[in-house]
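Topology and contacts: notes
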Amino acid sequence: MLFSGPVTSIGAFRCPVGHPAFHNSGPIERCVVVFPRTSVWIRHEGSRPFVADPNVVTIYNRAQRYERSALSPDGDRCDWFAIADQTAREIVAAFDSGAAEQERGPFTFQRAPSTPGLYLAQRRLMLRAEAGATDALETEEAVVGIVAGVLALAYQRVPRPLERSTTARRRQDLVEHAKAELVRTVAVNRSVAEVARAVGTSVFHLCRIFRACTGRTMHAYRSDLRLRLALELLSGAGTRARLSDIAHRVGFASHSHFVQQCRRHLGVTPGAVRAQLGTGD
């Protein structure tokens, strides 16, 4: 626990694969949104498993039961932002008044897409919390804003009735396995044929359903994932790694490509991001 107030709290969860609590950490204690920093499989009770990687935000109602399975050798490393039930219901009511009144909890979605800006904003807040540099008013306002931002992104992709069919579930399962394959080989420049072969489908089918289910191409998804992994390295405490080394480690073709992607998605250079996160130039 890094910050605890009457309405919100912030914490970091670190669990290696071999830990007894890795597969089942028990029910969630509060309404939370979680930003993965590594990648794992998550399955909410009664639902199908999905890949929780730095491209998504996972969402939990209070008392939610779930299980996780290993994907990254680093286990489960994530940052979470909890919010009081009544405040969570008030936020949800801005999008869906019916869901806000649900007895089981206000959150309808298990996950939401992330954006580079949202990911960077929560990293800044986490680093301040880790350093103990938190003002209660500022921090609680920031957490409310982050939760509201996550839900806004979730409600942009409300499931259509067709997405509940057996065929649609199979397609979603295939997409999740493709994500897992991209996670496992994020720094490798694989062909679409290799990914399709790894998940047991055709190139055309995979390209078509991946974009239909995620709104992005596999290339764009992998680029976003690489950028988030690079932000993780840029915000590492005391890191002095060269930007070119970070670019190579996460799979960018060159330092200039890393700079280009950072400018495109965040509007600033990697060096500026490192300075903002307080880790030097």
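As a starting point, this report considers the structure included with it. (Residues numbered from 1 in each chain as written. Predicted model: local features only at pLDDT ≥ 70, side-chain atom pairs only at ≥ 80, totals over all residues. Heavy atoms only, no water.)

With that settled, consider the overall build of the chain. When you go through the chain residue by residue, the secondary structure sums to 11 helices and 9 strands. Here the C-alpha atoms of the chain give a radius of gyration of 19 Å, agreeing with the 19 Å that 2.2 N^0.38 yields for 281 residues. Summarising its shape, the C-alpha atoms of the chain cover approximately 50 × 45 × 40 Å along the three principal directions. Within the chain, the proportion of its 281 residues that are buried is 48%. (Helix = DSSP H or I, 4+ residues; strand = E, 2+ residues; numbered from the N terminus. Rg over C-alpha atoms; globule rule 2.2 N^0.38 Å. Buried < 20%, exposed > 50% of the residue type's maximum accessible area, 1.4 Å probe, protein only.)

A few words on the sheet that holds strand β9 (residues 111-113). With antiparallel pairing, the 6 strands of this open sheet are ordered in space as β1-β2-β8-β3-β6-β9. Strand pairing shows two members of the sheet lacking a second neighbour, β1 (3-4) and β9, which therefore form its edges. Pairing of strand β3 (residues 31-36) with strand β8 (residues 76-83) involves 6 bridges; the strand directions are antiparallel. Residue pairing in the sheet places Phe35 in a bridge with Asp79 of β8. (Pairing = 2+ DSSP bridges.)

The first and last C-alpha atoms of helix α4 (residues 136-155) sit 29 Å apart over 20 residues, in line with the 28 Å expected at 1.5 Å per residue. Every buried residue of α4 is listed here: Thr139, Glu140, Val143, Ile146, Val147, Val150, Leu151, Leu153, Ala154 and Tyr155. (Expected span 1.5 Å × (residues − 1).)

Bringing the state of the cysteines into the picture now. Applying the stated rule across the entire model yields 0 disulfides. Take Cys78: it sits in no disulfide, and the sulfur closest to it among the cysteines is that of Cys15, at 9.3 Å. On the accessibility criterion, Cys78 (7% relative accessible area) is buried. Unpaired in this structure, Cys213 has its nearest cysteine sulfur neighbour in Cys207, at a distance of 13 Å. (Disulfide = S-S within 2.5 Å.)

In this section: the nonpolar core. One finds Phe35, Ile59, Phe81, Val150 and Phe258 to be the most contacted residues of the largest nonpolar core, which totals 46 residues. Among the elements that line this core, the one with the most residues is α4, at 8 residues. (Core = buried A, V, L, I, M, F, W, Y, C linked by side-chain atoms within 4.5 Å.)

With respect to the element layout, Pro49 can be found in the loop between β4 (40-44) and β5 (50-52). In this structure, the C-alpha to C-alpha distance between Pro49 and Thr217, residues 168 residues apart in sequence, is 21 Å. Every residue in contact with Pro49, bar those within four places of it in the chain, is listed here: Trp41, Ile42, Arg43 and Glu176. (Contact = heavy atoms within 4.5 Å.)

As a further point, take the packing of aromatic side chains. In this description, a pair of aromatic rings is defined by centroid distance and the angle of the planes. Applying the stated criterion across every chain yields a total of 6 aromatic pairs. With 5.8 Å between their ring centres and 90 degrees between their planes, Phe35 and Phe81 make a pair best called edge-to-face. Taken together, the residues span a long stretch of sequence, with Phe35 in strand β3 and Phe81 in strand β8 at a distance of 46 residues. Note on Phe35: relative accessible area 1%, which makes it buried. Classification of Phe81 as buried rests on a relative accessible area of 0%. Note on Tyr60 and Tyr66: the rings are 5.2 Å apart at their centroids and 55 degrees apart in plane angle, and the pair reads as tilted. (Phe/Tyr/Trp six-rings, centres within 6.5 Å; stacked < 30°, edge-to-face > 60°.)

Here we come to the sheet that holds strand β7 (residues 66-70). Spatially, 3 strands are ordered β5-β4-β7 in an open sheet, and the strand pairing comes out antiparallel. Each edge of the sheet is formed by a strand with only one pairing partner; in this case those strands are β5 and β7. On average, adjacent strands in this sheet sit at an angle of 40 degrees to one another, irrespective of strand direction. Two strands pair when backbone bridges link them, and β4 and β7 are joined in this way by 5 bridges, in the antiparallel orientation. Of the residues in β7, the one forming a bridge with Val40 is Ala70. Most of the contacts of helix α5 (residues 166-184) go to β5, to which it runs at about 35 degrees, and overall it touches β4 and β5. (Axes fitted to C-alpha atoms, helices over the stretch in contact; angles between N-to-C directions.)

Let us now look at the pattern of salt bridges. Charged atoms that come close allow side chains of opposite charge to pair. All chains considered together, the criterion is met by 15 salt bridges. The partner of Glu232 in a salt bridge is Arg37, and the shortest N-O contact between them spans 2.6 Å. Here Arg37 lies in the loop between β3 and β4 and Glu232 lies in helix α8 (residues 218-234), a separation of 195 residues in the sequence. Each member of the pair Glu232 and Arg37 is classed as buried. Here Arg48 ties to Asp173 by a salt bridge, and the two come within 2.4 Å at their closest N and O atoms. With a gap of 125 residues between them, Arg48 in the loop between β4 and β5 and Asp173 in helix α5 connect regions that are remote in the sequence. Note on Asp173: relative accessible area 19%, which makes it buried. A cluster of three or more residues bridged by salt bridges with shared partners is formed by Arg14, Arg37, Arg77, Asp79, Arg123 and Glu232. (Salt bridge = Lys/Arg side-chain N within 4 Å of Asp/Glu carboxyl O.)

Purely spatial values, then, with no claim about function.
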